[in-house]
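Read off the chains here:
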Amino acid sequence: MNGYRWHTGSVAWLLHRLTGLALTLYIVLHIWVVHNLSMGPRAFDEMMATVQSPLFRLLEIGLLGTVLYHSFNGFRILLFDLGIAVKAQRKVFWAAFVLTLAVLAYGGEKMLSHMMH
């Protein structure tokens, strides 16, 4: 990557692929957790105790950020596919990114305060 200049579109593309991969991994993990239902109530209760640990609670906030960015950036891509705001790509990216951070801050704070009580 020597000499390559990262542009807003390149960063948005990379983040969209990474968040898509993270969401795919989450779905696999979710299916594995739900699979524990078939192993009986005790196995499921043990799994639920694990995923309710503080580490998993923090990972849920990361999941929220991943879903938000992937959604807002997907909407940005849809706008471009429709020919809307094509010349304002940088502004629309930053609007989606700031919106992600704002909603994540609000939702993350709610999730943390719920975790503390």
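Structure shown above.
Notes on the structure in this doc start here.

What counts, and at which threshold
- Residues numbered from 1 in each chain as written.
- Predicted model: local features only at pLDDT ≥ 70, side-chain atom pairs only at ≥ 80, totals over all residues.
- Heavy atoms only, no water.
- Buried < 20%, exposed > 50% of the residue type's maximum accessible area, 1.4 Å probe, protein only.
- Helix = DSSP H or I, 4+ residues; strand = E, 2+ residues; numbered from the N terminus.
- Arc of directions from axis to C-beta.
- Axes fitted to C-alpha atoms, helices over the stretch in contact; angles between N-to-C directions.
- Parallel < 35°, antiparallel > 145°, perpendicular 65-115°, else oblique.
- Left-handed = near helix turned anticlockwise from the far one by under 90°.
- Contact = heavy atoms within 4.5 Å.

**With respect to helix α2 (residues 41–51)**
(1) Moving on: Residues Ala 43, Phe 44, Met 47 and Val 51 constitute the buried set of α2. Projection of α2 onto a plane perpendicular to its axis shows the buried side chains occupying an angular sector of 95°, all on one side. Of the residues in α2, the exposed ones pointing more than 90 degrees away from the buried face are Pro 41, Arg 42, Asp 45 and Ala 49.

**Comments concerning the packing of helix α1 (residues 8–35) against helix α4 (residues 89–116)**
(1) Moving on: At a minimum axis separation of 9 Å, α1 and α4 run at an interaxial angle of 40°. In terms of orientation, α1 and α4 fall into the oblique class. When the axes of α1 and α4 are compared, the crossing they make is left-handed. In contact with Thr 8, Gly 9, Val 11, Ala 12 and Leu 15 of α1, α4 contributes Gln 89, Arg 90, Phe 93 and Trp 94.

**Some thoughts on the side chain of Thr 8**
(1) Moving on: In this structure, Thr 8 sits in helix α1.
(2) Moving on: Residue classification places Thr 8 among the buried residues on the basis of a relative accessible area of 14%.
(3) Moving on: With residues up to four places along the chain from it excluded, the contact list for Thr 8 reads Arg 90, Phe 93 and Trp 94.

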